[in-house]
Amino acid sequence: MTVEIARLPNGVRVVTEHMPGLMSASVGLWIAAGGRHERPEQNGIAHFLEHMAFKGTTRRNALQIAEEIEDVGGYINAYTSREMTAYYARVMSGDVPLALDVVADIVLNPLFEDKEIEVERHVILQEIGQALDTPDDIIFDWLQEAAFPDQAIGRTILGPSALVSGFGRDDLTRFVAERYAPDRMIVSAAGGVDHDAIVAQVTELFGHLEAHGQDTPEPARFAPHERREHKGLEQAHMALGLRSPGYRDPDIYTSQIFATTLGGGMSSRLFQEIREKRGLCYTIFAQAGAYADAGLMTVYAGTGAEELGQLSTLVVDEIKRAAEDMSEAEVQRARAQIKGGILMGLESASSRAERLARMLAIWDRVPPLEETIAAIDAVSVEDVRAMAQGMAGSGELALALYGPLDTAPKERELSERLAA
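This text gives an overview of the structure that appears in the document. Along each chain, residues carry numbers from 1 onward, in the same order as the chain's sequence is written. Since the coordinates come from a predicted model, pLDDT governs what is reported: local features require at least 70, and pairs of side-chain atoms require 80 or more to be given and counted, while whole-chain, interface and lining totals use all residues. Excluded from the side-chain calculation are hydrogens and water; included are all heavy atoms of the structure.

Another point: empty space enclosed by the protein. The definitions used throughout rest on a 1 Å grid laid over the protein atoms alone, on which a cavity is an enclosed set of points accommodating a 1.4 Å probe that cannot get out and a pocket is an open set flanked by protein within 12 Å on both sides along at least five of seven lines; lining residues are those having an atom within 4 Å of a point. Grid points are joined across faces, edges and corners, and a volume is the space filled by probe spheres set on the points. Under the counting rule described, the total for this entry stands at 2 cavities of 30 Å³ or more. What lines the largest cavity is simply T260, T261, S267, S268, R269, E330, R333, A334 and Q337. Breaking the lining of the largest cavity down by element, the ones donating at least two residues are α9 (252-263) and α12 (328-345). A run of H or I in DSSP counts as a helix once it spans at least four residues, and a run of E counts as a strand once it spans at least two, with each numbered from the N terminus. The element that contributes the greatest number of residues to the lining of the largest cavity is α12, accounting for 4 residues. Taken as a whole, the second largest cavity spans an internal volume of roughly 40 Å³. Every residue along the wall of the second largest cavity is listed here: L49, A53, Y87, I106, V107, P110, F112, V176 and Y180. Along the lines of polarity and charge, the residues of the lining of the second largest cavity split into 9 nonpolar, no polar and no charged. Each residue is assigned to one class: nonpolar for Ala, Val, Leu, Ile, Met, Phe, Trp, Tyr, Cys and Pro, charged for Asp, Glu, Lys and Arg, and polar for all the others, Gly among them.

Despite not being glycine, F112 has its phi angle at roughly 55°, a positive value. Looking at the secondary structure, you find F112 in the loop between α3 (96-108) and α4 (114-132). Accessibility here uses a 1.4 Å probe with only protein chains present; expressed as a share of the type maximum, an area under 20% marks a residue as buried, one over 50% as exposed, and anything in between as partly exposed. Take F112: its relative accessible area is 5%, and that puts it in the buried class.

Two rings from Phe, Tyr or Trp (for Trp, the six-membered ring) form a pair when their centres sit within 6.5 Å of each other. Planes less than 30 degrees apart are called stacked, planes more than 60 degrees apart edge-to-face, and all others tilted. Within the structure shown, the criterion is met by 7 aromatic pairs. Seen in terms of ring centroids, F140 and F285 are 6.2 Å apart; in terms of plane orientation they differ by 25°. Their pairing is stacked. Of the two residues, F140 sits in helix α5 (residues 135-147) while F285 sits in strand β9 (residues 283-290), which places them 145 residues apart along the sequence. For F140, a relative accessible area of 22% corresponds to the partly exposed category. Connected via pairs of aromatic rings, a cluster forms that spans F140, F285 and Y300.

Quick look at the structure:
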């Protein structure tokens, strides 16, 4: 399998990986236009725009967009993250030109009709309402806000209902003009694809766009505090966040291994100590999230109101204990889990296309898989212990709580325990 990269004169980057034997392919467009690129009054506009892309173009109505892909057995979708908006399709190899044409059409030629804006506004408001009714979903938005307060990277991707209710056509077109520039676009394809043919089509579809020049979003500042929302739920939900490396930091794999040993599976410390031995919860896990210039290690658990205090202190104690007795066996197991996840994921053309776009966005190249595996294998027990020690020694943590919280600890109490 060969990764090939091309760059158009206006800055559009094209990356492909031909996967011999595959009869299908995944192709999409990744744009550096996510939640952290919004001004405060625009919060939620990137996600709104993603929805509107499927509501009709100058060449296709909404039904035709869906039918043209599904008529050939394909699938089309999109998502918005804090740093990217992506539009992608999975089709048979012979239908890659069609898929790329549809993706380009919905991005470059949207109509933004007032009637469709109102329909989709209602859909998004329902989505916001659904998130608010899903405690183990909305709590991560609140943790992000608690970790990065008053910053674009800390705001919700969906946006607040008050702003979403006011967005109009001018707001959408303005964000496109500001953010959807060719030098912020990556076309990525994997599977049964032909690199030269895709580059030629991308040149035809996107080559006329004018570059804007790169810009740097507001730097992320970890300034942790707490957010607690009292509600009469059956369970209390807790999300705890710790400063961790961004994805360009050499310690990124150390943080992923630490998160995996802490709460990445049934053999992890939190699962064994808090669920298996003590029965304090049904769900508990840890994960390491990363952005260009910051990261956030998250621990989540849902438990009864009376158990929340004990559970939260045990989480802090396990973080501290890792600095003292993290074992080679645990680190080796975490390495195997992470490498297995990467390698299994790469059996999918969609996962490969996603990885190609992500790697190119991060490093402007696609590191060989062997380089990534070597970096994971290079993480030592001492590295993980040192990271745990640094997190504990800082005494800094963000906290989000939702549900019956009468006995819930304060962020200050947990911070003091962490640093003690």
